Amino acid sequence: MQLFSALEPAQQTFASGLVYLRGFALQDEQQLLDDLNKVIAAAPLRTMMTPMGYPMSVATTSCGALGWVGDTTGYGYSAVDPISQLPWPTMPNSFIQLAQTAASAAGFDDFLPDACLINQYQIGTKMGLHRDKDERDFTQPIVSVSLGIPARFQFGGNKRSDKPIQILLSHGDVVVWGGASRKFYHGVMTIQANQHPKLSKTRINLTFRKAG
Ligand code: MD6
Ligand code: FE
């Protein structure tokens, strides 16, 4: 049996362009959490509407030039926060650094994220299988940072019927998906009861994208 330290990033490629970086976000953890709290104070977490008119179970906010928004007209990106009507908070340097170094480690140099979506999951919430297709440039990868209590992430293929693999994502883990995996179906299984010393009974996910 092989033992790993949580602070020693281990890398695993699950499919072409789909790279898991264990603990990659722990290198500058406290700065990341401090900056996260500042962003959430400036643009509070809120539940967006699905196109069917139901509130999403996951609470959401954004930082960067573009923020991810959803309402009954559909999903997309907006330069202003629909609640405050102000631009989203600037993307903190710690966020940009993390997104770029993770993308590089996964083989994607020159990643220029302009959108960081912040999702907060409570115990019992989930995100159904979907593909990310509201961005313009599919040569740019997506970088996903997991914080707080763990989640089982599902990764399928280009068809909804492709049988997904599951990846357990814990505090500090990063997943990059790009290239041949960029439009793979993915989702988050129902979050199980748990507790994290810094984020209590929640999971926070940061998703970095080049959206515009
Ligand atoms: C996650 N989020 O929160 C994964 N995709 O772990 C997503 O896959 C996602 O929250 C497209 C749009 C919004 C999202
Ligand atoms: Fe997604």
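Notes on the structure in this doc start here.

Moving on to the environment of Leu33. Along the chain, Leu33 falls in helix α1 (residues 29–42). Placed 70 residues apart in sequence, Leu33 and Ala103 show a C-alpha to C-alpha distance of 20 Å. Setting aside residues up to four positions removed in sequence, Leu33 forms contacts with Leu147, Lys198 and Leu199.

Further remarks concern the coordination of the iron ion (ligand 2). The expected angle between donors at a tetrahedral four-coordinate metal is 109.5 degrees. At an octahedral six-coordinate metal it is 90 or 180 degrees. Looking at the iron ion (ligand 2), the protein donor atoms are His130 (NE2), Asp132 (OD) and His186 (NE2), and they sit 2.0 to 2.2 Å from it. Each donor residue of the iron ion (ligand 2) lies on the same chain, and together they follow the pattern H-x1-D-x53-H. Here Asp132 is found in the loop between β7 (127–130) and β8 (142–148), whereas its partner His186 is found in strand β12 (residues 186–188), with 54 residues between them in sequence. Both residues of the pair, Asp132 and His186, count as buried.

So, on to the packing of aromatic side chains. Applying the stated criterion across every chain yields a total of six aromatic pairs. The interplanar angle of 25° and the centroid separation of 5.1 Å between the aromatic rings of Trp68 and Tyr75 together place this pair among those described as stacked. Owing to a relative accessible area of 13%, Trp68 belongs among the buried residues under this scheme. Measuring from centroid to centroid gives 5.4 Å for Phe153 and Phe155, while their planes differ by 45°, and the two rings are tilted. Here Phe153 matches Phe155 in class, with each residue buried. Taken together through their ring pairs, the aromatic side chains of Phe153, Phe155 and Trp177 make up a single cluster. Positioned above the aromatic ring of Tyr121, the side-chain terminus of Arg203 is 5.1 Å from the ring centre.

Rules used in this analysis
- Residues numbered from 1 in each chain as written.
- Chains lettered and ligands numbered in written order.
- Predicted model: local features only at pLDDT ≥ 70, side-chain atom pairs only at ≥ 80, totals over all residues.
- Heavy atoms only, no water.
- Helix = DSSP H or I, 4+ residues; strand = E, 2+ residues; numbered from the N terminus.
- Contact = heavy atoms within 4.5 Å.
- Donors = N, O, S within 2.8 Å, 3.2 Å for Na, K, Ca; no water.
- Buried < 20%, exposed > 50% of the residue type's maximum accessible area, 1.4 Å probe, protein only.
- Phe/Tyr/Trp six-rings, centres within 6.5 Å; stacked < 30°, edge-to-face > 60°.
- Lys NZ or Arg CZ within 6 Å of the ring centre and 35° of its normal.

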